[in-house]
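Architecture and fold: a report
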Amino acid sequence: MRTVIDPFKIKSKPKYHPGRVFQKLGSMLNEHTSKKGFESFALPERSLPKNGERDSKISDQGSQDTAVTDTQRAVLLEALLITEPLDFPVCEIGAYRGHTSRFLASRTRRSYLAVDPYIGYGAWKEDMEIMLDGTKGLNNFKHFRMTSGEASKVITGLGFCFVDAVHDYANTKFDGFTYGQKLVSGGVIAFHDTDNPQFPGTRRAVYEVANSEIGFDLLFHVEDLVVLRKR
Ligand SMILES: C[S@@+](CC[C@H](N)C(=O)[O-])C[C@H]1O[C@@H](n2cnc3c(N)ncnc32)[C@H](O)[C@@H]1O
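Everything in this summary refers to the structure shown in the same document.

Here is what the cut-offs are and how they apply
Residues numbered from 1 in each chain as written. Predicted model: local features only at pLDDT ≥ 70, side-chain atom pairs only at ≥ 80, totals over all residues. Heavy atoms only, no water. Phe/Tyr/Trp six-rings, centres within 6.5 Å; stacked < 30°, edge-to-face > 60°. Helix = DSSP H or I, 4+ residues; strand = E, 2+ residues; numbered from the N terminus. Buried < 20%, exposed > 50% of the residue type's maximum accessible area, 1.4 Å probe, protein only. Lys NZ or Arg CZ within 6 Å of the ring centre and 35° of its normal. 1 Å grid on protein atoms, 1.4 Å probe; cavity = no way out; pocket = protein on both sides within 12 Å on 5 of 7 lines; lining within 4 Å. Points joined across faces, edges and corners; volume = space filled by probe spheres on them. Nonpolar A, V, L, I, M, F, W, Y, C, P; charged D, E, K, R; others polar. Contact = heavy atoms within 4.5 Å. Near = heavy atom within 4 Å. Polar contact = N/O pair within 3.5 Å; in protein donor to acceptor, adjacent residues only side chain to side chain. Areas by Shrake-Rupley, 256 points an atom, 1.4 Å probe, with all protein chains shown as cover. Sits in = over half its atoms within 2 Å of the grid points. Core = buried A, V, L, I, M, F, W, Y, C linked by side-chain atoms within 4.5 Å. Axes fitted to C-alpha atoms, helices over the stretch in contact; angles between N-to-C directions. Parallel < 35°, antiparallel > 145°, perpendicular 65-115°, else oblique.

**Points about the packing of aromatic side chains**
The tally for this structure, following the rule as stated, stands at three aromatic pairs. An angle of 75° between the planes, with centres 4.9 Å apart, marks the rings of F8 and Y121 as edge-to-face. Taken together, the residues F8 in the segment before α1 (18-36) and Y121 in the loop between β2 (112-115) and α4 (125-134) connect sequence positions 113 residues apart. A relative accessible area of 45% places Y121 in the partly exposed class. Taking the ring centre of F38 as reference, the NZ or CZ of R203 above it sits at 3.9 Å.

**Re empty space enclosed by the protein**
As enumerated under the stated definition, the model contains one cavity of 30 Å³ or more in all. Surrounding the largest cavity, V163, D164, V166, H167, N171, T172, D175, F191, H192 and T202 form its lining. Going through the elements one at a time, α6 (169-180) and β5 (183-192) are the ones with two or more residues in the lining of the largest cavity. No other element matches the three residues that α6 contributes to the lining of the largest cavity. When its residues are assigned to classes, the lining of the largest cavity shows three nonpolar, five polar and two charged.

**Describing the environment of K11**
Structurally, K11 is set in the segment before α1. Owing to a relative accessible area of 25%, K11 belongs among the partly exposed residues under this scheme. Placed 12 residues apart in sequence, K11 and Q23 show a C-alpha to C-alpha distance of 9.7 Å. Discounting residues that sit within four places of it in the chain, K11 has contacts with R20 and Y121.

**Re the site of the ligand**
Around the ligand, the structure places 23 residues, and the nearest of them are T66, E92, G94, T100 and D116. Within the side chain of E92, an N or O atom sits 2.8 Å from a nitrogen atom of the ligand. In the complex, the protein chains occlude 93% of the 600 Å² of accessible area that the ligand would expose alone. When atoms are counted within 2 Å of each cavity's grid points, the one that captures over half of the ligand is the largest pocket. Residues of the shell around the ligand, tallied by class, amount to 12 nonpolar, seven polar and four charged.

**Focus: the layout of surface pockets**
Left-over empty space is what a probe sized like a water molecule reveals as it rolls over the atoms. Roughly 510 Å³ of volume is contained in the largest pocket. Along the wall of the largest pocket there are 33 residues; nearest its centre are G94, Y96, D116, D164 and A165. Secondary-structure elements contributing two or more residues to the lining of the largest pocket are β1 (90-93), α3 (99-105) and α6. A breakdown of the residues in the lining of the largest pocket according to their chemical character gives 15 nonpolar, 11 polar and seven charged.

**So, the nonpolar core**
Formed by 30 residues in total, the largest nonpolar core has its most connected members in L76, F160 and V227. Sorting elements by how many residues they give to this core places helix α2 (residues 70-82) first, with six residues. If you look at the next biggest cluster of nonpolar residues, it comprises 26 residues, including V4, F144, V163 and L218.

**Observations concerning the packing of α1 against helix α7 (residues 200-210)**
Across the interface, α1 lies against α7 with an axial gap of 8 Å and an inter-helix angle of 80°. Taken together, α1 and α7 sit at an angle that is classed as roughly perpendicular. Of the residues in α7, those in contact with N30, E31, T33, S34 and K35 of α1 are P200, G201 and R204. Tallied by class, residues from the contact of α1 with α7 come to one nonpolar, four polar and three charged.

Structural data, given as C-alpha cells:
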C-alpha cells in the first residue's frame with residue numbers, strides 16, 4: 001500500500017510555518033521538473049470506438065459551468081457504463097458546479113459520491129449551491145463537503161473515480177494514488193486536464209499512476225482526459 005502525502009494537510013498551518021515553506025519549495029521544484037519533461041510524460045492516444053459514442057450533451061446548462069468537453073463527457077460516460085456491473089460506488093473528486101456530477105449520477109444506479117470542500121481552492125459556497133441545486137432529486141447522489149484527503153478516510157471500495165480537483169503534481173499524485181488504490185479490480189480512474197501545458201504536474205502525476213505498481217491499463221486517452229482501468 002503506497003501512502004502519498006496529502007498537500008492539504010499542511011494548509012491549516014500558518015503561512016510561514018516551516019512545513020508550508022518546505023512544501024511550497026518542493027511544489028515549485030516539482031512543477032519545474034514536470035514542465036521540463038512534459039513531452040516525455042505523454043500517454044498514447046486511445047479514443048472511443050466509433051460505435052461507442054453516446055449522447056453526451058446537456059442542453060439545459062451552460063458550458064461556463066464546466067471545462068469538460070462533449071468528447072470528454074462521452075468518454076466518461078462510456079467508462080462509467082463499463083464499470084456499471086461492478087456494483088461499487090462512483091466518486092468525483094472536485095465537483096465545482098456539479099455539471100459532470102449531474103450528468104454521470106443520473107446515468108448510474110450506483111451511489112455517486114461527490115467530494116469537494118468549497119473552501120476557495122477553485123470554488124466557493126456559491127458554486128456549491130449551484131451544484132446542490134442541479135443535483136437535487138438524484139437519490140443516489142451524496143456530497144462530501146471535505147477535501148479528498150479527509151474523504152479518503154471514509155470512502156472505501158470504488159468502481160469508478162473521476163479526479164478533477166487541484167491540477168498540480170502533488171495534488172494529482174495524492175488523489176491518483178489514494179483513490180486508485182481504492183478501486184476494485186476492473187475499476188476505472190479518470191483524470192481531467194492531463195495534456196494542458198498549464199498543468200504539467202497533472203500530466204506527470206497521471207503518467208506515474210498509470211505506470212505504477214497498482215497495475216493499470218490505459219482504457220481511453222482523448223485530449224485532456226486519461227482513463228485507466230485497474231487490472
Ligand atoms: C476543475 S473544478 C471541478 C470541475 C468538475 N469536475 C466538472 O466536471 O465540472 C475543481 C474543483 O476541485 C475542488 N477542490 C479543490 N481542492 C480540493 C480537494 N483537496 N479535494 C476535493 N476537491 C477539491 C474545487 O473546490 C473545485 O470545485
